[in-house]
Amino acid sequence: MIYSIIQPDETWLLWAFLAGWAAISIYLEQKYSWASKVSGAIIALVGAMLLANLQVIPLESPVYDAVWAYVVPLAIPLLLFQSNIIKIWNESGRLLLMFLLSGIGTVAGAITAFFLLKDVIPGLDEIAAIMTGSYIGGSVNLAALSARFETPGEVISSTVVADNMMMALYFLVLMAIPASKFFTRRFSTPHIKEVEETRTDKDENLAASYWKGKEISLKDIALAVGTALALVAVSFKLAEIFASIIPSGENVVLSILNTILGDGYLMLTTLTLVAVTVFSRYFESIRGAQEIGTYLIYIFFVVIGVPASLPVILQNAPMLFVLVFVMVAVNMLFSFIFGKLFKFNLEEVIIASNANIGGPTTAAAMAISKGWSKLVAPILIVGTIGYIVGNYAGVALGQWFSGF
């Protein structure tokens, strides 16, 4: 174990760091315009990366494992509380279509990268499957599929390093595109024009404006956390039962059912989506779930930044960076081609691609930082569909890739 100032077994210090740095990232995002433009998610990632490389915090710890095992599953249903599938289609059907078209680009990128690199990267069938899920919904899916495939920790760490670097670079590219005449001449830009016409205070912090204080009661907190924990418990137990009673032998249909029904994360996202759609009034009445879930995801952003050590990058990540580069490049290509063909505006294409690669939280953060307020709620809702679609796509590709 590489020496660090804070040791891996110093549990309370590490929890204080994770929760504290997530809080600082959110504070900076809402306090300073530069941080709002960068986004708190990137600050959380980069800060953890720097402290890990400076050996302030350890690269591995049971505390990080606890975030993957408990914080991520709890965050998923909280972020899905507003994901009434009927409402999504009625209110955000256009953006949902763009998001799904962008997801096709991710799948195409994964297939392309797999056949280019399968003889170079060991275990690429699982890695490509995990990154397919991650690039159709964000890092929450990376956690879910890593747990599902039981991929070795060192492989995940190297993949996360490459993924973090690629996400940071791609988000910077997406942030710069609205200022490019090449794109603004070829796509309509109604949201950009609206910001230019209506914004009077150039120094206004849009992140702080969006996440302004809302009325929330003790009952809201109790129902949000209690319901989320119940969904996690029931989902994982049901998945455990189905995995034990459905054989996964030579029968293809039974094997597929075992894969789908026996996976805790697939069961969690599916069961939550069904519950939210059926009992929509109950879930919509709970305030604060989005804020709590987002804060938990910020803690996860800190954790996925930790393994990004420079020695690991130099030793293990170069080819994995090629993998994620190909996947992101193809996603971007498909997104803008489909966006042009189906006459989506530039902002919708950018936000949809961001939601695929980074998840709804990073997409919403970008929309907020750009002042595209009308896209924030829709992309948060639409992006959560990626938790479900990405998991299923990742499992399906993983099964297919394993045959090569």
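Residues numbered from 1 in each chain as written. Predicted model: local features only at pLDDT ≥ 70, side-chain atom pairs only at ≥ 80, totals over all residues. Heavy atoms only, no water.

As recorded in an unreviewed UniProt entry, the protein goes by DUF819 domain-containing protein and comes from Virgibacillus xinjiangensis.

This paragraph deals with the overall build of the protein. Summing up its helical and strand segments, the protein has 21 helices and zero strands in all. Each of the 404 residues in the protein was classed as buried or not, and the buried ones make up 55%. Summed over its atoms, the accessible surface of the protein is roughly 17700 Å², and 67% of this surface lies on carbon and sulfur atoms. (Helix = DSSP H or I, 4+ residues; strand = E, 2+ residues; numbered from the N terminus. Buried < 20%, exposed > 50% of the residue type's maximum accessible area, 1.4 Å probe, protein only. Areas by Shrake-Rupley, 256 points an atom, 1.4 Å probe, with all protein chains shown as cover.)

Right, let's get into the side chain of Ser 335. By secondary structure assignment, the location of Ser 335 is in helix H18 (residues 318–341). With residues up to four places along the chain from it excluded, the contact list for Ser 335 reads Met 98, Ser 102, Val 349 and Ser 353. (Contact = heavy atoms within 4.5 Å.)

The next thing to look at is the environment of Asp 163. Mapped onto the elements of the fold, Asp 163 is located in helix H8 (residues 153–176). Between the C-alpha atom of Asp 163 and that of Ile 357, which follows or precedes it by 194 residues, the distance is 9.5 Å. Those residues in contact with Asp 163 that sit more than four places away from it in its chain are Met 131, Ser 134, Tyr 135, Ser 139 and Leu 142. At 2.7 Å, the side chain of Asp 163 and the side chain of Tyr 135 are in polar contact. (Polar contact = N/O pair within 3.5 Å; in protein donor to acceptor, adjacent residues only side chain to side chain.)

Taken together, the side chains of Lys 181, Arg 185, Arg 186 and Lys 340 define a basic patch exposed on the protein surface. Mapped onto the elements of the fold, Lys 340 is located in helix H18. For Lys 340, a relative accessible area of 46% translates into the label partly exposed. (Patch = residues over 30% accessible without salt bridge, like charges linked within 9 Å, V, L, I, M, F, W, Y side chains within 5 Å. Salt bridge = Lys/Arg side-chain N within 4 Å of Asp/Glu carboxyl O. Lys, Arg positive; Asp, Glu negative; His and termini not counted. Charge placed at Lys NZ, Arg CZ, Asp CG, Glu CD.)

Before going further, it helps to examine unusual backbone geometry. Phi is positive for Gln 55, close to 60°, though the residue is something other than glycine. Inspection of the secondary structure assignment puts Gln 55 in the loop between helix H3 (40–53) and helix H4 (62–80). For Lys 343, which is not glycine, the phi torsion reads 60° and is therefore positive. Tracing the sequence through the fold places Lys 343 in the loop between H18 and helix H19 (346–358).

The subject of this paragraph is the packing of aromatic side chains. Summed over the entire model, instances satisfying the criterion amount to 15 aromatic pairs. One aromatic cluster in this structure is built from Phe 114, Phe 115, Trp 400, Phe 401 and Phe 404. The lysine or arginine in question, Arg 186, covers the ring of Phe 182, its NZ or CZ lying 4.0 Å from the ring centre. In this arrangement the basic side chain of Lys 340 is found over the ring face of Phe 187, its NZ or CZ atom lying 5.7 Å from the centre. (Phe/Tyr/Trp six-rings, centres within 6.5 Å; stacked < 30°, edge-to-face > 60°. Lys NZ or Arg CZ within 6 Å of the ring centre and 35° of its normal.)

As a further point, take the pattern of salt bridges. Scanning the model with the defined rule gives five salt bridges in all. In this structure, the salt-bridge partner of Glu 348 is Arg 94, at a minimum N-O distance of 3.0 Å. On the criterion of sequence distance, the pair formed by Glu 348 in helix H19 and Arg 94 in helix H5 (residues 85–117) is long-range, its members being 254 residues apart. On the basis of relative accessibility, which here comes to 43%, the residue Arg 94 falls in the partly exposed class.

Moving on: the packing of helix H1 (residues 11–31) against helix H16 (residues 289–305). The contact between H1 and H16 brings their axes to 8 Å, and the two run at 110°. Here H16 runs roughly perpendicular to H1, going by the angle between their axes. Once H1 is placed against H16, the crossing between them reads as right-handed. From H1, Phe 17, Leu 18, Ala 19, Trp 21, Ala 22, Ala 23, Ser 25, Ile 26 and Glu 29 reach across to H16, where they touch Tyr 295, Tyr 298, Ile 299, Val 302 and Val 303. Its residues assigned to classes, the contact of H1 with H16 comprises twelve nonpolar, one polar and one charged. (Axes fitted to C-alpha atoms, helices over the stretch in contact; angles between N-to-C directions. Parallel < 35°, antiparallel > 145°, perpendicular 65-115°, else oblique. Left-handed = near helix turned anticlockwise from the far one by under 90°. Nonpolar A, V, L, I, M, F, W, Y, C, P; charged D, E, K, R; others polar.)

So, on to the packing of helix H6 (residues 124–134) against H18. At a minimum axis distance of 11 Å, the contact between H6 and H18 shows a crossing angle of 40°. Between H6 and H18, the angle is such that the two are oblique. For the element pair H6 and H18, the recorded crossing hand is right-handed. Between H6, through Leu 124, Ile 127, Ala 128, Met 131 and Thr 132, and H18, the contact on the second element is made entirely by Leu 320, Leu 323, Val 324 and Met 327. Looking at side-chain class alone, the contact of H6 with H18 contains eight nonpolar, one polar and no charged residues.

Another point: the nonpolar core. Counting residues in hydrophobic clusters, the biggest one holds 124 residues, and the most contacted among them are Leu 18, Phe 81 and Leu 323. Leaving out residues up to four positions away in the same chain, Phe 81 has contacts with Ala 224, Thr 227, Ala 228, Leu 231, Val 276, Phe 283, Ile 286 and Ala 289. (Core = buried A, V, L, I, M, F, W, Y, C linked by side-chain atoms within 4.5 Å.)

Attention shifts here to the environment of Tyr 392. Topologically, Tyr 392 is positioned in helix H21 (residues 373–401). For Tyr 392, a relative accessible area of 28% corresponds to the partly exposed category. It is 7.2 Å that separates the C-alpha atoms of Tyr 392 and Leu 266, two residues lying 126 residues apart in sequence.

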